[in-house]
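Coordinate analysis (summary)
Chain residues, written in single-letter form:
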Amino acid sequence: MKKCVTFDGKTISKNQEFVVEIEDLTAEGAGVAKLDGYTLFIKDAIVGDKVRVSIMKTKKTYGYARILEILEASPDRVEPVCPVAKACGGCQLQHLSYKAQLAYKQKKIESCLQRIGGFTEIPMEPIMGMEEPFYYRNKAQFPVGYDKNGAIITGFYAGRTHTIIDTSHCAIQAKENDKLLAIVKEYMKECHVKPYNETSHTGLVRHILTRVGFKTKEIMVCLIVNGDRIPKSEVLVEKLKEIPGMTSISINVNKEKTNRILGDKCITLWGQDYIEDYIGDIKYQISPLSFYQVNPVQTTKLYQTALDYADLKENEIVWDLYCGIGTISLFLAQKAKQVYGVEIVPQAIEDAKQNAKINGITNAEFFVGAAEEVLPQKYKESAGIMAADVIVVDPPRKGCDPALLNTILQMNPQKIVYVSCDPATLARDLKILCENGYNLKKVRGCDMFGNSYHVETVCLLSRIK
Ligand code: SAH
């Protein structure tokens, strides 16, 4: 790594100090400042801050700096609720007021649609914020380790590392976790159960997974272990089952040398194999391995918006692509004639079918496979019978496969509802759809992950007649 750079005749070198004003925030929530045209990225700085910084890394036209001192704080700056907010990799924006976080997310969507999508008039609706941007996550996976005094700690990884930050209380996780973690640590100490060490691949407990049903109040605890059993499991069970709402206690076997958190096999120690929870009126069974949205309150708002945008009639056929465990599909099935869901992970489709069954939903059918392969194939096979009035897509961050966009265009639905977790790929895909016969009618952000830089978006496109 070069220690200095010459930009516009001036030398900027590592450890050199500057006073700068923050003008913007990046898509990942870092502050942006200019040094006579040279761009600096500064973690934990926000628009309106005047800060003294020290250069950490220099590239040709931009560099990275860290805050030494806040000389003038932005009016949007707030004290983080969590004492380890800075060190922990979980939240990037706790120092930004929630109102300003929402404005930042709204602008992020808008500017992606302008810059990448080439849209000039954007039918933006106001972003759906959270009533309480804390304690909203229903799922946590705490790594387990030792601190430097040899005490067992649980917490989260520091940004971009595998160093555990001791966080016995996390401000975005369900409040029940504090008690659960304390019990597991007590059990480990009492029964001499060691945390897993990823360097030496020794020790037993790798992670503690917890899930809480926000509506049902059911609680799940699963210890992810480097072995097939845990010693004296009855001691752990005795302690945990006293917690009100405890429904499922299990271990998950993961003996691999891997960054993957969960292994494939779960063994229930006590109670049910799963907990139940609701999104809207639809009930879900959630096992340690199931995918389930982590913020059910905001998810309900997001899917309700998707349903409103789809404005389904009783005789309409809907495709839900990238359907996961069928969350959106089952929401849509309440209004449509028939829903077809497509998802690449077989286990998720198993869950989707089971979820349809426990809710008595009979007009949803699910297929395993890549959406870009299944959709054209089914469409062709059925000679147009599996047509679509509405197509909903909810792809991962990389967005839709071009082959899928092509098939969607061929199927020519009246409406497309695009749910996205990345405004940049959303903008790229909308551009293609709108260059080929669709109009962008509505765009609405939804904050599912308060205090992080992430934002979900739902858009309505309608076919130009
Ligand atoms: N709509 C779902 C999940 C959306 S997340 C929900 O709300 O719960 C995106 C999903 O796309 C994941 O479940 C992922 O497994 C799936 N996926 C990724 N690539 C895919 C592909 N090529 N075809 C179909 N599904 C895919």
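Residues numbered from 1 in each chain as written. Predicted model: local features only at pLDDT ≥ 70, side-chain atom pairs only at ≥ 80, totals over all residues. Heavy atoms only, no water.

A few words on the environment of His95. Looking at the secondary structure, you find His95 in the loop between β8 (62-72) and α1 (98-115). The class of His95 is buried, set by a relative accessible area of 7%. Separated by 241 residues in the primary sequence, His95 and Ala336 place their C-alpha atoms 44 Å from one another. (Helix = DSSP H or I, 4+ residues; strand = E, 2+ residues; numbered from the N terminus. Buried < 20%, exposed > 50% of the residue type's maximum accessible area, 1.4 Å probe, protein only.)

This structure, assessed with the given rule, holds 10 aromatic pairs. Aromatic side chains Phe7 and Tyr38 sit 5.2 Å apart centroid to centroid with 65° between the ring planes, which places their arrangement in the edge-to-face category. Note that Phe7 is positioned in strand β1 (residues 4-7) and Tyr38 in strand β6 (residues 38-42), a separation of 31 residues in sequence. In this structure, Phe7 and Tyr38 share a single accessibility class: buried. Judged by centre distance (4.9 Å) and plane angle (40°), the ring pair of Trp319 and Tyr340 falls under tilted. (Phe/Tyr/Trp six-rings, centres within 6.5 Å; stacked < 30°, edge-to-face > 60°.)

We now examine the sheet that holds strand β24 (residues 438-446). Pairing is mixed in the open sheet, where 8 strands are placed in the order β9-β24-β25-β23-β22-β19-β20-β21. With partners counted over all chains shown, the strands left at the sheet margins are β9 (124-128) and β21 (364-368), one partner each. The average angle at which neighbouring strand axes cross in this sheet is 15°, direction not considered. Where β9 lies against β24, 3 bridges are found, and the strand directions are parallel. Each residue of the ladder has a partner; that of Met124, found in β24, is Val443. Contacting β19 (317-321), β22 (390-393), β23 (415-420) and β24, helix α8 (residues 402-411) runs over the sheet at an angle of about 165° to β22. Packed onto the sheet, helix α9 (residues 423-434) meets β23, β24 and β25 (456-463) and runs at close to 165° relative to β23. (Pairing = 2+ DSSP bridges. Axes fitted to C-alpha atoms, helices over the stretch in contact; angles between N-to-C directions. Contact = heavy atoms within 4.5 Å.)

Looking now at the site of the ligand. Contacts to the ligand come from 17 residues, most closely from Tyr303, Thr327, Glu343, Ala371 and Asp394. Within the backbone of Ile344, one N or O atom sits 3.2 Å away from a nitrogen atom of the ligand. Separating a nitrogen atom of the ligand from a side-chain N or O atom of Asp394 is a distance of 2.8 Å. Relative to its unbound accessible surface of 570 Å², the ligand loses 85% to contact with the protein. Sorting the residues of the shell around the ligand by element identifies α5 (327-333) and α7 (371-381) as the ones contributing at least two each. Considering only residue class, the shell around the ligand consists of 10 nonpolar, 4 polar and 3 charged. (Near = heavy atom within 4 Å. Polar contact = N/O pair within 3.5 Å; in protein donor to acceptor, adjacent residues only side chain to side chain. Areas by Shrake-Rupley, 256 points an atom, 1.4 Å probe, with all protein chains shown as cover. Nonpolar A, V, L, I, M, F, W, Y, C, P; charged D, E, K, R; others polar.)

For the rest of this paragraph, the subject is the pattern of salt bridges. One pass over the full model with this rule turns up 18 salt bridges. Between Glu69 and Arg52 there is a salt bridge whose closest N-O contact spans 3.2 Å. On the criterion of sequence distance, the pair formed by Glu69 in strand β8 and Arg52 in strand β7 (residues 50-58) is long-range, its members being 17 residues apart. By relative accessible area, which is 36% here, Glu69 ends up partly exposed. Its relative accessible area of 27% is what places Arg52 among the partly exposed residues. Note that Asp447 and Lys105 form a salt bridge whose closest N and O atoms lie 2.7 Å from each other. In this pair, Asp447 is assigned in the loop between β24 and β25 and Lys105 in helix α1, connecting sequence segments 342 residues apart. Across the pair, Lys105 and Asp447 agree in class, each one buried. (Salt bridge = Lys/Arg side-chain N within 4 Å of Asp/Glu carboxyl O.)

Let us look at the packing of α7 against α8. At a minimum axis distance of 8 Å, the contact between α7 and α8 shows a crossing angle of 30°. Between α7 and α8, the angle is such that the two are roughly parallel. Viewed along their axes, α7 and α8 form a crossing whose handedness is left-handed. Between α7 and α8, the contacting residues are Ala371, Glu372, Leu375, Pro376 and Tyr379 on the first element and Ala403, Leu404, Thr407, Ile408, Gln410 and Met411 on the second. A per-class count over the contact of α7 with α8 returns 8 nonpolar, 2 polar and 1 charged. (Parallel < 35°, antiparallel > 145°, perpendicular 65-115°, else oblique. Left-handed = near helix turned anticlockwise from the far one by under 90°.)

Now for the domain arrangement of the protein chain. Taken as a whole, the protein chain is organised into domain 1 (4-72), domain 2 (106-131 + 295-463) and domain 3 (139-279). Using C-alpha coordinates to define each centre, domain 2 is positioned 34 Å away from domain 3. On the domain 3 side, the residues contacting the 8 residues of domain 2 number 5 residues. Across the domain 2/domain 3 interface, buried area totals approximately 470 Å², and carbon plus sulfur atoms make up 79% of it. Inspection of the domain 2/domain 3 interface yields 0 salt bridges. In this structure, the connection of domain 2 to domain 3 is made through 0 residue pairs in polar contact (both at pLDDT 80 or more). Every element with two or more residues in the side of domain 2 that touches domain 3 is listed here: α4 (296-310) and α5. Here the element with the most residues in the side of domain 2 that touches domain 3 is α4; it accounts for 4 residues. Residue composition of the side of domain 2 that touches domain 3, grouped by class: 3 nonpolar, 5 polar and no charged. (Domains from an automatic or database assignment. Buried area = accessible area lost by both parts, 1.4 Å probe.)

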